[in-house]
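Coordinates in review
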Amino acid sequence: MPSALEQLAQSVKERRAILFVGAGVSMSVGLPSWEKLIEHMVDELGLDRDEVDRPESSYQALAEYYRLKHGSLGPLRSWMDREWSVSREKVRGSAIHKLIVSLDFPIIYTTNYDRNLEVAFEVHDRAFVKVANAKDIAKVNGEVTQIIKYHGDFDDDASLVLAESDYFERLSFESPLDVKFRADALGRTVLFIGYSMSDMNIRLLLYRLWETWRRSGYEKNRPKSFVFMPQPSVVQEAVLGRWGIDMLTEEADRPEDALVAFLSELKDATDQA
């Protein structure tokens, strides 16, 4: 029986795997955490920090308030575009980004707003097409990697999923990009990297994938999917396993080092498959 890594490597080798990339990948090249975004909104809105340091507060609700006060998220998007940017040389030197490009996934989804994935493909001379809205879907072809900006892109303010109401609208799982994801993922292996499993949006996505297969009556025929976590968790392993998702881990002092080690092992296994 092949190991989980060997099964994943075979799917990658046969280009039957989709990569889903979260904030941890961008933070590995120095992008700020959500905490810095919250601090900026608090300062710009003139709020007392104690007012937002409550269990019911979230950056999504704060962004919703920002939109109400300013009329749009345009100024916040412009600040994020400036602050959440790193040099092309830093992306070129990122082992994680180089490995992502070299693994040659046909489709990459990301909830990150930044352009680091696109830059990584550019600096490593690999063609790609970016999809951030329904109009972009028409540009897709089977020849180059698709980079799907699942929560929007800085080049299109209307595409951003940032404020609370944006997330609520996505809960229906019926936007054009949601429909595309269901079609892309239904018969393929999906690998999630750079995510915290406390992210309820991703947990809902994973649950919906499982539910789609369960209702089809062909759940046993579903391709295996995987999530990489820097630290093992028996709770998450059991819950995700119930949804048909295997957890993969790698021991290291820092999360980014663990991800580099994992992607390197996956690349080696793919080359040998």
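The name given to the chain in an unreviewed UniProt entry is SIR2_2 domain-containing protein, with Mesorhizobium escarrei as the source organism.

Comments concerning the overall build of the chain
The helix and strand inventory of the chain stands at 15 helices and 7 strands. When the backbone C-alpha atoms are referred to their principal axes, the chain occupies close to 60 × 45 × 45 Å. Burial status across the chain gives 48% buried among its 273 residues. For the chain, long-range pairs separated by at least 24 residues make up 68% of all intrachain contacts whose partners lie at least 6 apart in sequence. Total accessible area on the chain stands at roughly 13100 Å², and carbon and sulfur atoms take up 50% of it. When the 34 basic and 45 acidic side-chain charges of the chain are each reduced to a single mean position, those positions are 6 Å apart.

Observations concerning the pattern of salt bridges
For the structure shown, the criterion picks out 25 salt bridges. Residue lysine 36 is joined to glutamate 83 by a salt bridge in which the shortest nitrogen-to-oxygen separation is 3.3 Å. One end of the pair, lysine 36, is in helix α3 (residues 34-45); the other, glutamate 83, is in helix α6 (residues 74-83), with 47 residues separating them in the sequence. The salt bridge partner of arginine 77 is aspartate 81, with a shortest N-O separation of 3.4 Å. Of this pair, arginine 77 and aspartate 81 both sit in helix α6, 4 residues apart, which is roughly one turn of that helix.

Thoughts on the sheet that holds strand β4 (residues 145-149)
Spatially, β3-β4-β2-β1-β5-β6-β7 is the arrangement adopted by the 7 strands of the open sheet, whose pairing is parallel. Edge strands, defined here as strands with exactly one partner in the open sheet, are β3 (128-131) and β7 (245-249). Sheet twist, expressed as the average angle between the axes of neighbouring strands with direction ignored, equals 20°. Two elements, strand β1 (residues 17-21) and strand β2 (residues 107-110), share 4 bridges in a ladder whose sense is parallel. Following the sheet pairing, leucine 19 is matched in β2 by isoleucine 108. Along the sheet, helix α15 (residues 255-272) contacts β5 (189-193), β6 (225-229) and β7; its crossing angle with β5, the most-contacted strand, is approximately 155°.

Conventions adopted
- Residues numbered from 1 in each chain as written.
- Predicted model: local features only at pLDDT ≥ 70, side-chain atom pairs only at ≥ 80, totals over all residues.
- Heavy atoms only, no water.
- Helix = DSSP H or I, 4+ residues; strand = E, 2+ residues; numbered from the N terminus.
- Buried < 20%, exposed > 50% of the residue type's maximum accessible area, 1.4 Å probe, protein only.
- Contact = heavy atoms within 4.5 Å.
- Areas by Shrake-Rupley, 256 points an atom, 1.4 Å probe, with all protein chains shown as cover.
- Lys, Arg positive; Asp, Glu negative; His and termini not counted.
- Charge placed at Lys NZ, Arg CZ, Asp CG, Glu CD.
- Salt bridge = Lys/Arg side-chain N within 4 Å of Asp/Glu carboxyl O.
- Pairing = 2+ DSSP bridges.
- Axes fitted to C-alpha atoms, helices over the stretch in contact; angles between N-to-C directions.

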